Amino acid sequence: MNDLGSMRQTERLTSDEAGLARAAEILRGGGLVAFPTETVYGLGADATDAQAVAGIYAAKERPSFNPLISHLDSFESARTQGMFDETARRLAEAFWPGPLTLVVPVAPTCTISDLARAGLDSVGLRVPAHPFAHALLQKAGRPVAAPSANRSGRVSPTDADHVLGDLDGRIDAVLDGGSSQVGVESTIVACLGGAPQLLRPGGVPREAIETLIGMKLEAGQEGGKSPLAPGMLASHYAPRARVRLNAASIEAGEAVLLFGHEAPKGANAARITLNLSKNGDLVEAAAHLFSYLRQLDSSGAATIAVSPIPETGLGEAINDRLRRAAAER
């Protein structure tokens, strides 16, 4: 039994046709697969499946729901998920496939889950250059959310042994593709109207980007209230309604977010009630968090009352998000 309390066995897959097919099968089934990119190894899950994405946070012990980069097999696929202005298009055409992530507005046809986007109306997209990553994405046939394949706060992995040293028994498989070539994470640039912003330096130098677009990149708002990418302070979709935490009782007309099988006193007088997980499953709760907050907020209730959620496991990340939602604005 591993330290997540399961008997999961991590498969080590070879980067041949059989290994790629098995990795794609696991991803399509909602599992977790670490795979090589030209930057570092990523921990992949089906980005359209919030439950699968929640598994990434559980495996990494990630303390908060930062937005995740979603990987695609082509610019054409990326354009179904995000809206590219002229600058974003030029950057994609010049540096994809490659170690550049573009943060762009969500497209109407976007299928990437709220959890992978951390509730934002923007999405981080990348087309990796590594041939095994490209082949895996083609076989999976969907966007793959993939932060670095290590436990949160530890050094990013550049080969399969590094991945297994951190995540053996916590994920379904690692696709062994040898050592990563670049060894640092992708550069992240936001193209959301106005001058593009450099959110994170990485595998594509700032100078190369500025030369291409003919302007200086603005600095991202690190530590601000609207982070757009990994590596920045987590703060996400903020409801219009006031959020009241650890509610022991419910006032008439409130929207209610429950966890577990017990309901607070007065819950029958709520305007609307949703339960993150009736069985008390924190992975299920994480998968539902952002979409349920949106549904409760759209009810028109002035207050969203939230029943207590344990601080263990993914509960820490869920509570972190809820505290941010409840903060004075």
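Residues numbered from 1 in each chain as written. Predicted model: local features only at pLDDT ≥ 70, side-chain atom pairs only at ≥ 80, totals over all residues. Heavy atoms only, no water.

### Observations regarding helix H9 (residues 315–326)
An α-helical turn contains 3.6 residues, so a residue and the one three or four places further along point in the same direction. Definition in use: Helix and strand assignments follow DSSP, with helices taken as H or I runs no shorter than four residues and strands as E runs no shorter than two, numbered in order from the N terminus. To estimate how far a helix should extend, the number of its residues minus one is multiplied by 1.5 Å. Each residue is placed in one exposure class: buried if its accessible area under a 1.4 Å probe, protein chains only, is under 20% of its type's maximum, exposed if it is over 50%, and partly exposed if it falls in between. Whether two residues are in contact is decided by their heavy atoms: any pair within 4.5 Å suffices.
Given a rise of 1.5 Å per residue, 12 residues ought to cover 16 Å, and the 16 Å separating the end C-alpha atoms of H9 matches this to within 8%. Taken as a whole, H9 has its buried residues at Gly315, Ala317, Ile318, Asn319, Asp320, Arg321, Leu322 and Ala325. In this structure, the buried residues of H9 make contact with strand S12 (242–244), strand S13 (255–258), helix H8 (282–297) and strand S15 (303–306).

### Quick look at the sheet that holds S12
In plain terms, the rule: Here, any two strands with at least 2 DSSP bridges between them count as paired. In this description, a line fitted to the C-alpha atoms serves as the axis of each element, helices being fitted only across the stretch in contact, and the angle between N-to-C directions of two axes falls anywhere from 0 to 180 degrees.
Spatially, S12-S15-S13-S14 is the arrangement adopted by the 4 strands of the open sheet, whose pairing is parallel. If you trace the sheet from one side to the other, it starts and ends with S12 and strand S14 (272–275), each paired once. Across the sheet, the mean angle separating the axes of adjacent strands is 20° when strand polarity is ignored. Summarising the sheet, S12 and S15 pair through 3 bridges and their orientation is parallel. Residue Arg242 lies in a different strand from S15, and its bridge partner there is Thr303. Running at roughly 175° to S14, H8 makes contact with S13, S14 and S15 of the sheet.

### Structural notes on the pattern of salt bridges
What counts is decided by this rule: By definition, a salt bridge exists where a carboxyl oxygen of Asp or Glu is found within 4 Å of a side-chain nitrogen of Lys or Arg.
Throughout the structure, instances matching the rule amount to 20 salt bridges. Residue Arg22 is joined to Glu11 by a salt bridge in which the shortest nitrogen-to-oxygen separation is 2.6 Å. Placement of Arg22 in helix H1 (residues 17–28) and of Glu11 in strand S1 (residues 11–14) is noted, with a sequence separation of 11 residues between them. Residue classification places Arg22 among the partly exposed positions, given a relative accessible area of 31%.

### Let's talk about the nonpolar core
This is how it is decided: Here, nonpolar core means buried Ala, Val, Leu, Ile, Met, Phe, Trp, Tyr and Cys residues that are tied together by side-chain atoms lying within 4.5 Å of each other.
By size, the foremost hydrophobic cluster in this structure holds 77 residues, and its most contacted members are Phe65, Phe84, Trp96 and Leu102. With sequence-adjacent residues up to four places away left out, Leu102 is seen in contact with Phe84, Ala88, Leu91, Ala92, Trp96, Val123, Gly124, Leu125, Val189 and Cys191.

### Things to note about the confidence of the model for the protein chain
Basically, it comes down to this: How sure the predictor is of each residue is captured by pLDDT, a score from 0 to 100.
Residues of the protein chain with pLDDT of at least 70 account for 92%, and the chain-wide mean is 90. Across residues 222–226, where pLDDT falls below 50, the model places 6 contacts with residues more than four positions away in sequence or in other chains.

### A closer look at the side chain of Arg200
Definition in use: Polar contacts, as used here, are pairs of N or O atoms within 3.5 Å; protein pairs need one atom able to donate a hydrogen and one able to accept it. Residues neighboring in sequence count only if both atoms are side-chain atoms.
With respect to the helices and strands, the residue Arg200 is situated in strand S10 (residues 197–200). Within polar-contact distance, the side chain of Arg200 engages the backbone oxygen of Ser186 at 2.9 Å.

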